[in-house]
Every structure is written in structure tokens, then in C-alpha cells.
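Spelled out from the first residue to the last, the chains are:
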Amino acid sequence: FVLRIEHLDDDWSKLDGMLGGTGATLPTERSHANEASDKPLPISNKTVGAGGIANLCKALCREIQVYKQILRLAENLDRKQRSDSLKEIREMCPE
């Protein structure tokens, strides 16, 4: 099973239903999903240019390949969800 952060509510709900739950979404009061966004960062320029993205993709290549394999094996994702996530990865890191 996999819970993708960018699709957390949908993935949680589907997985909850698969495991015998109600299919309810993750309770907001129990979720720590975006706590980091509330903390001030010492960096004022938060943009990453194309060169920076390319460097990140290269540095994280092994991790990205593992993530792709996890997506392919995830029993809680249907073909479209899997395809959409792989497409999102290709758009960000085409190599």
C-alpha cells in the first residue's frame, strides 16, 4: 500500500475502506501533514530554477526509481492513479 502526500485524502480514504473502515478521510486534528509550512524559514528566496530542479532530480535519482517501483506495486492504487503519479514524476524529472 502507498499513501501519496499529494493525494493523501483520497489514498487514505480508499485504504481505510480496503481495510474494513468507513472510507473516511484522515481527521484533520490528527494529521501533521503541513506543520512545516507554519514554521518560519531563514531563507527568503524560496524559488528553485530549472538548473536546481535538474540537480535535485539527479541527486535523488535512486530514490525516485524506488518511489516509482513502490507506485507500481501499490495495491491500493488503480491504473489511472498509478499512471497519473508516474506522469507527475516525469513532468518534474523527465530523465
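Residues numbered from 1 in each chain as written. Predicted model: local features only at pLDDT ≥ 70, side-chain atom pairs only at ≥ 80, totals over all residues. Heavy atoms only, no water.

Here's the deal with helix α4 (residues 79-92)
Then comes step 1: Between its terminal C-alpha atoms α4 stretches 20 Å, which fits the 20 Å expected from 14 residues at 1.5 Å a residue.
Then comes step 2: Listed as buried for α4 are Gln81, Arg82, Ser85, Leu86 and Ile89. When α4 is viewed along its axis, its buried side chains cluster within an angular range of 130° and face the same direction. Facing away from the buried surface of α4 by more than 90 degrees, the exposed residues are Arg79, Lys80 and Glu91.
Then comes step 3: Among the structural elements, α1 (8-18) and α3 (61-73) are those in contact with the buried residues of α4.
Then comes step 4: The N-cap of α4, judged by a side-chain oxygen 3.1 Å from the amide nitrogen of Lys80 a few residues on, is Asp78. (Helix = DSSP H or I, 4+ residues; strand = E, 2+ residues; numbered from the N terminus. Expected span 1.5 Å × (residues − 1). Buried < 20%, exposed > 50% of the residue type's maximum accessible area, 1.4 Å probe, protein only. Arc of directions from axis to C-beta. Contact = heavy atoms within 4.5 Å. Polar contact = N/O pair within 3.5 Å; in protein donor to acceptor, adjacent residues only side chain to side chain.)

Brief notes about the pattern of salt bridges
Then comes step 1: Throughout the structure, instances matching the rule amount to three salt bridges.
Then comes step 2: Notably, a salt bridge pairs Lys80 with Asp84, separated by 2.8 Å at the nearest N-O pair. With Lys80 and Asp84 both in helix α4 and four residues apart, the pair spans about one turn of that helix.
Then comes step 3: We classify Lys80 as exposed; its relative accessible area is 56%. (Salt bridge = Lys/Arg side-chain N within 4 Å of Asp/Glu carboxyl O.)

Interpretation in functional terms is not warranted from these geometric data alone.
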